[in-house]
Amino acid sequence: MTRQIWWKDAVIYQIYPRSFRDSNGDGIGDIRGIIEKVDYLADLGIDVVWLGPVYQSPNDDNGYDISDYRSIHPDFGTLADLDQLLHLLHLREIRLIMDLVVNHTSDEHDWFQESRKSLDNPYRDYYFWKKGQNGAPPNNWKSFFGGSAWAYEEDTDEYYLHLFTKKQPDLNWENPVVRNEVCDIIRFWLERGVDGFRMDVIPLISKRLDFKDTQLNSFPEVVEQVYSNGPKVHKYIGEIVGRVISNYDVMTVGEGPGIHTEVGLDYVGTDRGELNMIFHLDHMYLGFGPKGRFDPIPFSLNDVFEIFNRWDDAMANEGWISIFLDNHDFTRMLSRFGNDQNYRIESAKLLVTLIMTLRGTPCIYQGSEIGMTNIAYERLEDFDDVESKNFIREALEKGREPSEILELVNRHGRDNARTPMQWDDSMHAGFTSGHPWLTINPNYRRINVEESKNDANGILHFYKKMIAFRKEHPVFVYGDFTCLFAADPIYMYSRSDDQQSFVVVHNFGDHRIDMPEIPKGYGYHFSSYPNDQARKLLAPWESRIFIKS
Ligand code: ISL
Ligand code: CA
């Protein structure tokens, strides 16, 4: 089978710019730091870099609060640096996609500064303003990051909507002028040569305009039924794609909180003219209780397998998703789905085998390729993320035990994924010569790129091997997926087209276990364990691949 669609063939690598590499010693990762590492990226074999937000921003939510969409935050560099990065990546046949954050702006954006001035300001209608109800907000909607989703402004005696922090007012997409502005921003970046966008919280852009109180008690349900999948979401996505994006050979991946299998194809169906793929968050929200991530509930690996199967079934040949197990909003995949203690190397290899062999475009988050893990902070003051800080404040106000709060935030907070990249075992892990903006995981002396490079059986080499393996075999991109067995700790499936067929089996457990029965006609191909042969038992956290003769 021949190659067909570049964004299906591609392997994406997500860079969280503050934490990748600091070139000038101010402790903050920057674009010139990424430029220093383009050969590292090329050597890994990835095809697309997703660059987190680098725009002008007061950084209330680390760049997801943009105050100027056309300029680069000086912490990260300049537009010229970005152009150079793009050029150097393109020379290596790597594409660059930017983060498009247009559900909301920063409150420091000129539009909002104008909008808040008076009821008749021409920008008033760029955002959602409502009267309160007897001194209370217009409705009972809660922000993703705690508290009401409405903030009061005394000057005009109205509230504005912010589904995220107070400093992230939601844009009013009902206003056609807002949609024109968004199209202009998109055109600006595509004309500069970027290769597409990861679209932040894109299913949230169309609001339910009756702004009814919600009776739902579970936050994940509120996201799905109240905030996401609004009545005009497809009209709006179709509009920006039709007017601008479809004129360029670029890719789009929508971040999809609240998008479930029943509505997935509405966003990515091949006939829809909307998005190329989504990051659905079903497996990422596993373990989130009624109040979200800091209200954890148990989940099992069977839930994870079921979600992969259900999504593959829903997409089949009609749509497309990205396959990923973590990003800057969740904890490290190795700590969440693997065993970061006794089987760190083994489980890291299993997880990348999974990502590279499921159907969908793989996306790797920086640091996974060397097996970075969650961090454990000792003090509540050490946390940086606005979501964690808000939770800590509210929980302390409610009188909860500090030790219990610390445990929750350590285990579930987003800072886990945001600690700086561990390049070597020198001071500050080779990330910066200055003082890092966020505490580096002390395990960097053991876990770092240099160490991993020198270990032929290490994680980094295995990532390269699996990326190359996927690219050599289009069946992993275009072939059918069939689940053969899924019961914790075993997950087994086949990938097949008219020319080739593989069976992949994983042991997500700490114990050796009998091999499930492999269908007839398949022979041992390779294992994630070094020098392994077709032994009878599967080793702890082993993945094995069989090929049809
Ligand atoms: O982390 C979450 C809340 O517990 C997620 O639900 C997350 O907020 C959601 O996936 C949206 O994430 C995106 O938009 C946010 C930003 O903070 C995240 O970093 C971004 O990925 C607002 O822009
Ligand atoms: Ca810097």
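What counts, and at which threshold
- Here the residue numbering is sequential within each chain, running from 1 through the sequence in written order.
- Both sets of labels track the order of writing: A upward for chains, 1 upward for ligands.
- At least 70 in pLDDT is required for a residue's local features to be given in this predicted model, at least 80 for side-chain atom pairs to be given and counted, and no such filter applies to totals for whole chains, interfaces and linings, which use all residues.
- The basis for every side-chain value is the complete set of heavy atoms in the structure, and neither hydrogens nor water enter the calculation.
- For the purposes of this entry, the term helix denotes a DSSP run of H or I that reaches at least four residues, the term strand denotes a run of E that reaches at least two, and both are numbered from the N terminus.
- Each radius of gyration reported is based on C-alpha atoms, and the globular scaling rule is 2.2 Å times the count of residues to the power 0.38.
- For every residue, the accessible area obtained with a 1.4 Å probe (protein chains only) is divided by the maximum for its type, and the residue is called buried under 20%, exposed over 50%, and partly exposed between those limits.
- Here, two residues are considered to be in contact whenever any of their heavy atoms come within 4.5 Å of each other.
- A 1.4 Å probe and the Shrake-Rupley method give the accessible areas. Residues count as covered only by the protein chains that appear here.
- Positive charges come from Lys and Arg, negative ones from Asp and Glu, while His and the chain ends are left out of the count.
- By convention, charge coordinates are those of NZ in Lys, CZ in Arg, CG in Asp, or CD in Glu.
- Expected helix span is computed as 1.5 Å times (number of residues minus one).
- Polar contact criterion, stated in full: a pair of N or O atoms within 3.5 Å, where within protein one must be able to donate a hydrogen and the other to accept it, and residues adjacent in sequence count only if both atoms are side-chain atoms.
- For two strands to count as paired, DSSP must find a minimum of two bridges between them.
- Here the coordinating atoms are restricted to nitrogen, oxygen and sulfur within 2.8 Å of the metal centre, or 3.2 Å for Na, K and Ca, and because water is not among them the sites may look incomplete.
- To be near a molecule or strand, a residue needs just one of its heavy atoms within 4 Å of it.
- Cavity means a closed set of points on a 1 Å grid over the protein atoms alone, one where a 1.4 Å probe fits but cannot get out, pocket means an open set with protein on both sides within 12 Å along at least 5 of 7 lines, and lining means a residue has an atom within 4 Å of a point.
- Being in a pocket or cavity means that more than half of the molecule's atoms lie within 2 Å of its grid points.
- We call Asp, Glu, Lys and Arg charged. Ala, Val, Leu, Ile, Met, Phe, Trp, Tyr, Cys and Pro are nonpolar, and the rest, Gly among them, are polar.

> What should I look at first to understand the overall build of the protein chain in this one?
Counting secondary structure elements, the protein chain contains 18 helices and 20 strands. Relative to the compact-globule value of 24 Å for 549 residues, the protein chain shows a C-alpha radius of gyration of 23 Å, a close match. Each principal axis of the C-alpha distribution contributes one length, and for the protein chain these read about 75 × 50 × 50 Å. In the protein chain, buried positions account for 62% of the 549 residues. Long-range contacts, defined as pairs at least 24 residues apart, comprise 70% of the intrachain contacts of the protein chain with a sequence gap of at least 6. Accessible area of the protein chain: about 20900 Å², with a carbon and sulfur share of 47%. Charge separation in the protein chain, taken as the distance between the mean sites of 58 positive and 85 negative side-chain charges, equals 2 Å.

> Any chance you could explain helix α13 (residues 386-397) here in plain terms?
Since the α-helix packs 3.6 residues into each turn, any two residues three or four apart lie on the same face. Counted at 1.5 Å a residue, the expected span for α13 with its twelve residues is 16 Å, and the 16 Å between its end C-alpha atoms agrees. Here α13 has its buried residues at V386, E387, S388, N390, F391, I392 and A395. One or two residues past the end of α13 sits G399, with phi positive at roughly 85 degrees.

> What exactly am I supposed to notice about the side chain of S527 here?
Note on placement: S527 falls in strand β18 (residues 522-527). Looking at S527, the relative accessible area reads 5%, which means it is buried. From its side chain, S527 meets the backbone nitrogen of Y529 in a polar contact 2.8 Å long. Setting aside anything within four residues of it in sequence, one finds S527 in contact with F462, D532, E542, S543 and R544.

> Just to check I follow, could you spell out the pairing of strand β13 (residues 361-365) for this structure?
Looking down a regular strand, the side chains alternate between one sheet face and the other. Where burial is concerned, most of β13 is hidden: five out of the five residues are buried. Alternating positions in β13 separate into two faces, T361, C363 and Y365 on one and P362 and I364 on the other, with burial throughout. By the bridge criterion, two bridges tie strand β12 (residues 322-323) to β13 in an arrangement that is parallel. Within β13, the residue paired with S322 across the bridge is T361.

> Help me out: how do you make sense of the coordination of the calcium ion (ligand 2) in this one?
Ideal coordination angles are 109.5 degrees for a metal with four donors arranged tetrahedrally and 90 or 180 degrees for a metal with six donors arranged octahedrally. On the protein side, the calcium ion (ligand 2) has D22 (OD), N24 (OD1), D26 (OD), I28 (O) and D30 (OD) as donor atoms, found 2.2 to 2.3 Å from it. Between the donor residues of the calcium ion (ligand 2), the gaps in sequence give the motif D-x1-N-x1-D-x1-I-x1-D. Given the relative accessible area of 35%, D26 is considered partly exposed. A residue is classified by how much of its surface remains accessible, and D30, at 2% relative accessible area, is buried.

> Honestly, the site of ligand 1 in this entry has me stumped. Any pointers?
Contacts to ligand 1 come from 19 residues, most closely from D61, E255, R293, D329 and E387. Within the contact set of ligand 1, an oxygen atom lies 3.0 Å away from a side-chain nitrogen or oxygen of H104. A distance of 3.0 Å separates an oxygen atom of ligand 1 from a polar side-chain atom of H328. Protein contacts shield 98% of the accessible area of ligand 1, which totals 490 Å² for the unbound molecule. Among the cavities detected, the one that contains ligand 1 is the largest pocket. Residues of the shell around ligand 1, tallied by class, amount to seven nonpolar, three polar and nine charged.

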